[in-house]
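Descriptive analysis of the structure
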Amino acid sequence: MAYLTFLIDNYADMPSAGAVFVHGSRWAWHNDIPDYDNAALLRSLNVRAALQPAGYSNLRCDWSAGTCPSSVPPQGSLETRLSSAVSPWNPRAASDLALPKALGHLFGGDADARVNEIRSAFHLYLGRNDAVRAQCCAQFVVSRERVWQHSRDEYIALRQWLLDGSDDGVARNVQRGSRAAPGDDRVAGRIVSYLWHILFANYGDDGAIDLDQLNRDACPTASECYCRLYGKCDLKCRGPGSCKGQYSMPKNFKLPEDWEKTHS
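The model shown is predicted, which means the values in this text are computed figures rather than measured ones.

Bringing the overall build of the protein into the picture now. Per the secondary structure count, the protein includes 12 helices and 3 strands. Counting every position in the protein, which comprises 264 residues, the buried fraction comes to 45%. With an accessible surface of roughly 14,000 Å², the protein has 50% of that area assigned to carbon and sulfur atoms.

Here we come to helix α11 (residues 222-230). Residues Ala222, Cys225, Tyr226, Arg228, Leu229 and Tyr230 constitute the buried set of α11. Against α2 (38-44), α3 (47-50) and β2 (56-58) lie the buried residues of α11. Where α11 ends, the next residue or the one after it, Gly231, has phi of about 70°, a positive value.

For the rest of this paragraph, the subject is the pattern of salt bridges. Throughout the structure, instances matching the rule amount to 3 salt bridges. Between Glu224 and Arg228 there is a salt bridge, with the nearest N and O atoms lying 2.7 Å from each other. Taken together, the positions of Glu224 and Arg228, both in helix α11 and 4 residues apart, correspond to about one turn of that helix.

What follows deals with unusual backbone geometry. Residue Pro53 is reached from Gln52 by a cis peptide bond, and omega for that bond is 0°. Assignment of secondary structure puts Pro53 in the loop between α3 and β2. Phi at Tyr36 takes a positive value of approximately 65°, unusual for a residue other than glycine. Tracing the chain through its elements places Tyr36 in the loop between β1 (19-21) and α2. Even without glycine at this site, Asn252 takes up a positive phi of about 60°. If you trace the backbone, Asn252 turns up in the loop between α11 and α12 (259-263).

Residue placement: Thr67 occurs in the loop between β2 and α4 (78-86). What makes Thr67 buried here is its relative accessible area of 1%. Looking at Thr67, its side chain comes within polar contact range of the main-chain oxygen of Val132, at 2.9 Å. Polar contacts involving the side chain of Thr67 include one to the main-chain amide nitrogen of Ala134, which spans 2.8 Å. Ignoring anything within four residues of it in the chain, the contact list for Thr67 reads Val72, Gln75, Arg92, Val132, Arg133, Ala134 and Tyr194.

What counts and what doesn't
Residues numbered from 1 in each chain as written. Predicted model: local features only at pLDDT ≥ 70, side-chain atom pairs only at ≥ 80, totals over all residues. Heavy atoms only, no water. Helix = DSSP H or I, 4+ residues; strand = E, 2+ residues; numbered from the N terminus. Buried < 20%, exposed > 50% of the residue type's maximum accessible area, 1.4 Å probe, protein only. Areas by Shrake-Rupley, 256 points an atom, 1.4 Å probe, with all protein chains shown as cover. Contact = heavy atoms within 4.5 Å. Salt bridge = Lys/Arg side-chain N within 4 Å of Asp/Glu carboxyl O. Polar contact = N/O pair within 3.5 Å; in protein donor to acceptor, adjacent residues only side chain to side chain.

Spelled out as structure tokens, the structure:
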């Protein structure tokens, strides 16, 4: 929500060099640096190189927390639907299940209007075997040109989609429908975290996006990513998604409570 408000309020004054969007906390489990220090990560970030060639880059290079690995099932797959049914409390499973329909509403118009023609709007725009590959955690750098390829009103509409699904009272007078964002902020937030690279993709002349190209741009190899974004070009990497000594997933996606105190 804060990112969208910034884009709306500062739309006409976006920096010519681009903008970096990060979370408010310095120390977080998803920061792609050995000690999880976002301040150090940002000091080493080469913004100009990060914006080449696509005008957008997620700040994560390691693949462990997103949907980049081919082992992650497509969002519209039977496996994803079963996972959500078995673990309905799991925000990752719920958001993966909700993503295809959300894409239909946000990018393709009113999917519900076609339910009589197509049995389920769930598969209207993202096929059962089509996977959206993306890095997690919504920290990224984007060029002014990529921001401006959408109108200010479109960012307002995306923010309203979130507000219409809100459970916190902001939109209590809005009658929530199937076109609103999921009411669980964890689910809605995760869906939006996988929309940024789609919003800021390099669209073709016909306004379409090639899914395979989108996935390749979203998930460069860890080796190429660390070199281009952070100047770490001599790493020993274990396959396309990780490099030795760079990032390790903390237990239960959490840092120890005293991490900031012991590392500041």
